[in-house]
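Spelled out from the first residue to the last, the chains are:
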Amino acid sequence: MTLFRLLHVLALFWMMAGLGSVMVAVWRAWGTSDINLRATLLTEAQQNETRWLLSGLLATGLTGFAWAAAENINLVTTGWLLALELIYAVDVFIFLPLLGVGLRRVRLLALQAKKRGETSQELEDAINDRVPVVFGTLMVLTVPVMTWLAIYKPF
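Residues numbered from 1 in each chain as written. Predicted model: local features only at pLDDT ≥ 70, side-chain atom pairs only at ≥ 80, totals over all residues. Heavy atoms only, no water.

Concerning the nonpolar core
Nonpolar side chains tend toward joint burial in soluble globular proteins.
Next up, step 1: Core analysis: the biggest nonpolar cluster contains 36 residues, and Val-22, Val-26, Leu-53 and Met-139 have the highest contact counts within it.
Next up, step 2: Sorting the residues of this core by element identifies α1 (3-30), α2 (35-70), α3 (79-116), α4 (121-128) and α5 (131-152) as the ones contributing at least two each.
Next up, step 3: If you tally residues by element for this core, the top one is α3, at 13 residues.
Next up, step 4: Leave out the neighbours within four places in its chain, and Met-139 touches Leu-19, Leu-53, Leu-57, Asp-91, Phe-95, Leu-96 and Leu-99. (Core = buried A, V, L, I, M, F, W, Y, C linked by side-chain atoms within 4.5 Å. Buried < 20%, exposed > 50% of the residue type's maximum accessible area, 1.4 Å probe, protein only. Helix = DSSP H or I, 4+ residues; strand = E, 2+ residues; numbered from the N terminus. Contact = heavy atoms within 4.5 Å.)

Some details on the packing of α1 against α5
Next up, step 1: One way to put it is that α1 packs onto α5 with a least axis distance of 10 Å and a crossing angle of 140°. Here α1 is positioned oblique relative to α5, judged by the angle of their axes. In this structure, α1 meets α5 at a crossing whose hand is left-handed. Side by side, α1 and α5 meet where Met-16, Leu-19, Met-23, Val-26, Trp-27 and Trp-30 of the first sit next to Pro-132, Val-133, Gly-136, Thr-137, Met-139, Val-140 and Val-143 of the second.
Next up, step 2: When grouped by side-chain class, the residues that make up the contact of α1 with α5 number 11 nonpolar, 2 polar and no charged. (Axes fitted to C-alpha atoms, helices over the stretch in contact; angles between N-to-C directions. Parallel < 35°, antiparallel > 145°, perpendicular 65-115°, else oblique. Left-handed = near helix turned anticlockwise from the far one by under 90°. Nonpolar A, V, L, I, M, F, W, Y, C, P; charged D, E, K, R; others polar.)

Right under this line is the structure:
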């Protein structure tokens, strides 16, 4: 196993830990009706998104590129790798920002509500917004597809 491959596998574990820590909190938030608990769980998910998921995604991309470059794999003409790159790009440039915006909105409004000592309708609307759960779940669903492409190299 080359050094770049080892680093890439470690980065993948980092990314999966980040995705899991974010999505478990988001899914738990959607499983409860208590608005304060939902705000707390979504705030926790936002902190995990910036601490673990974002850095894990960046590390995965960098180490994957380094591994492909070290193995002299063409990033454009290798079909399975190009498909993998496109799915990764959708995750990084579409799903992750939308997930993050939804979570940061809840965190900001929860901090404002805590300072005022009361919840607002805007906070309740942000907590009930489905953007984090939808785009986070879409990120989770892309992982098996990317795994399948990397293992079986269908084209």
